[in-house]
Structure formats: structure tokens, C-alpha cells
Amino acid sequence: MRLTALFVLLTALAAVPSAQSVPPPAPAAPVPGPAPFLQVFKERRSVRNFRPDAVPREHLLQILDIARTAPTSGNQQPWKFLVIQDRSRLDALAAATVEAYTARYQESKKPTAQELAAFQDKYRQVCARYLSAPVFIIVLTDSKSKYPDYNKWDGPMAAGYLMVAARALGYGTVFCTDSFPFDVVQRVFDIPERYEVVCTTPLGVPVEWPAAPPKKALDDLVAWERLAE
Ligand SMILES: Cc1cc2nc3c(=O)[nH]c(=O)nc-3n(C[C@H](O)[C@H](O)[C@H](O)COP(=O)(O)O)c2cc1C
């Protein structure tokens, strides 16, 4: 072995620390990304009162683009997302919703004229708060999809993705079923019969983020290996 090669070898060996001199491993750096990502899920809230601030189209497109990536049976993707921003059409929805609820109220309660007026007034205000958002989205599934029996699972998957994506960009939503009766929605927006409403949701900047409602503890919901009665 030539002298220089021996020198290089000895220097390299000297550089290898003995077991005792090995420094303790540095504390693991926090992994960037996942924590804030998971936080978005926890911070999503059902929002029922909105500021009039516009939602930029690119944000809307980003949100809808995430919704369309949701899991779907056999990758059938049976969704349609009907986006309504025309204020006069939203007013028509509010009027038709109040009318439908008034009819139900009249049938079930036989109210006095005064009670009826108070009910209508209250319901108008409720509708106005939901529809204070500049955007209203109707999540639909197509009954002519490849596996229509599975639409009932695919639909809410997309709606859930949409709602979490909206939260990530700072927008509130609320998964509405009863608030706007589906038959009314279908009629007011002239939706072809083949499409079934999964839910509707206003989308906009919340007046405020509501506090989280009580949620069940993880222990009450998770069973490990076996589920007792
Ligand atoms: C299947 C389903 C139907 C719902 N229907 C309505 C509705 O018609 N109107 C409404 O204001 N909220 C509705 N919600 C929203 C729930 O009230 C809300 O998710 C729940 O109170 C928990 O609050 P959080 O979403 O802020 O965690 C619905 C949610 C689901 C999943």
C-alpha cells in the first residue's frame, strides 16, 4: 500500500466515531404538512350565516375539483355539482321553501293567522341566513350512472370532500337535507328527474366560525378487535 493511500485510510478510520462518541440522534423534525392538513377536518363546521364576500371562481374550481376526486364505487363518478350564484334564483328558492314549509305547518298545526305570519316571518329569516352566502351548490348523482345502486354512498363522499376543501380555503358550508326540501330544489332549479339531490350547501365566508358542537369521545366510537353489545 502506498503511503498516501495508507494515510487516507487512517484518516477515514479516525473519522468514524467510537460507539461511545456517537452523538444522540437529533429530535425528529416535525413533519411539515400533515398537522395543518388534519386540522382542516377538525375545523370544518356547519355554517348557517355568511358574509356577502364574493368567492373567486378559481377557489370554487379548486373546491369542486377536490370533490370530484372522492372515492366512488367502481370509479363511476356519478356526480353533478350544480352551482347557483344568480341572486334572483336564490330568492326564488327562498320563497318556494317558505311556501313549502308554510303548507306543511298549516297541515300539521292548523295555526291561527297570527301564528302563521310569525312562522313565515321566522322561516324567511332562517332562509335568508342560509342564502346570505354568494354561492349555493347542489350535489347530485345521476340515476343513469354505471352502478346507480351505489350512488347513495358516492354522493355523500363527494359532498364531504367538497366541504373539507371549502374549509381549507376558508369557506363555510353546511350539508343541507331538510333545510331546502329536495323536491323544491329540483323544481326551482329545473333539475332533470334523472338527477337525485344528495344535499345542498351554501358556500361563503362565515359571519363567524361556530363553536364545535359536542362530539362523542373517540373511546365511545372505536372498538378494537371486538365489538361488545
Ligand atoms: C345527513 C345530514 C343531513 C343534514 N341536514 C341538515 C339540514 O337540513 N340543515 C342544516 O342546517 N344542517 C344539516 N346538517 C348538518 C348537521 O346539523 C351538522 O353537521 C351537525 O350538527 C354537526 O355540526 P358540524 O357539522 O359543525 O360538526 C346535516 C348533516 C348531515 C350529515
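The structure under discussion appears in the preceding block.
Residues numbered from 1 in each chain as written. Predicted model: local features only at pLDDT ≥ 70, side-chain atom pairs only at ≥ 80, totals over all residues.

Moving on to the overall build of the protein. In terms of helices and strands, the protein carries eight helices and four strands. Sequence-ordered secondary structure for the protein, helices as α and strands as β, is α-α-α-β-α-α-β-α-β-α-β-α. Scored against the burial criterion, the 229 residues of the protein give a buried share of 22%. Partitioning the intrachain contacts of the protein with sequence separation of at least 6 by distance along the chain shows that 84% fall at a separation of at least 24. (Helix = DSSP H or I, 4+ residues; strand = E, 2+ residues; numbered from the N terminus. Buried ≥ 20, exposed ≤ 12 C-beta atoms within 10 Å, placed from the backbone. Contact = placed C-beta atoms within 7 Å.)

Closest axis-to-axis distance for the helix 4 (residues 87-109)/helix 5 (residues 113-130) pair is 10 Å, and the angle between their directions is 145°. Two packed elements cross with a definite hand, and for helix 4 against helix 5 that hand is right-handed. Residues Ala94, Thr97, Val98, Tyr101, Thr102, Tyr105 and Gln106 of helix 4 form the contact with helix 5, whose own contacting residues are Leu116, Phe119, Gln120, Tyr123, Arg124, Cys127 and Ala128. (Axes fitted to C-alpha atoms, helices over the stretch in contact; angles between N-to-C directions. Left-handed = near helix turned anticlockwise from the far one by under 90°.)

This next bit is on the sheet that holds strand 4 (residues 195-204). Spatially, 1-2-4-3 is the arrangement adopted by the four strands of the open sheet, whose pairing is antiparallel. Lying at the two open borders of the sheet, with one neighbouring strand each, are strand 1 (79-84) and strand 3 (172-173). The sheet contact formed by strand 2 (residues 135-142) and strand 4 spans eight bridges and is antiparallel. Bridging across to strand 4, Val139 finds its partner in Cys199. (Pairing = 2+ DSSP bridges.)

In the vicinity of the ligand, the residues found are Arg45, Ser46, Arg48, Val174, Phe175, Cys176, Thr177, Asp178, Ser179 and Pro213. Residue composition of the shell around the ligand, by class: four nonpolar, three polar and three charged. (Near = placed C-beta within 6 Å. Nonpolar A, V, L, I, M, F, W, Y, C, P; charged D, E, K, R; others polar.)

Right, let's talk about the nonpolar core for a bit. Core analysis: the largest hydrophobic core is formed by 36 residues, its most contacted members being Leu131, Val135, Val139, Ala159, Leu162, Ala166 and Leu203. If you list the elements that add at least two residues to this core, you get helix 3 (57-67), helix 4, helix 5, strand 2, helix 6 (151-168) and strand 4. Apart from the residues within four sequence positions on either side, Leu203 is in contact with Val55, Ala133, Val135, Ile137, Ala166, Tyr171 and Thr173. (Core = buried A, V, L, I, M, F, W, Y, C linked by C-beta atoms within 7 Å.)

This part covers unusual backbone geometry. In this structure, Gln77 is a non-glycine residue whose phi angle is positive, near 50°. Structurally, Gln77 can be placed in the loop between helix 3 and strand 1. According to the C-beta neighbour criterion, Gln77 is partly exposed, with 16 such atoms within 10 Å. A positive phi is found at Lys110, a non-glycine position, where the angle reads about 45°. Secondary-structure assignment places Lys110 in the loop between helix 4 and helix 5. Classification of Lys110 by C-beta neighbours within 10 Å gives exposed; the count is 9.

In a regular helix each residue adds 1.5 Å, so 23 residues correspond to 33 Å; helix 4 covers 32 Å between its end C-alpha atoms and thus fits that length. Along helix 4, the residues classified as buried are Leu90, Leu93, Thr97, Val98 and Tyr101. Looking one or two residues beyond helix 4, the residue adopting positive phi is Lys110, at roughly 45°. (Expected span 1.5 Å × (residues − 1).)

Buried residues of helix 3: Leu60, Ile63 and Ala67, and no others. The arc enclosing the buried residues of helix 3, seen along the axis, measures out at 65°, which places them on a common side. Pointing more than 90 degrees away from the buried face of helix 3 are the exposed residues Glu58, Leu61 and Asp65. Tucked into the core, helix 3 has its buried residues touching strand 1, strand 2 and helix 6. (Arc of directions from axis to C-beta.)

This brings us to the pairing of strand 2. Every regular strand shows the same layout, with side chains that alternate between the two sheet faces. In terms of residue burial, strand 2 counts as a mostly covered element, since seven of its eight residues are buried. Note: strand 1 against strand 2, six bridges, orientation antiparallel. Note that in strand 2 the partner of Phe81 across the bridge is Val139.

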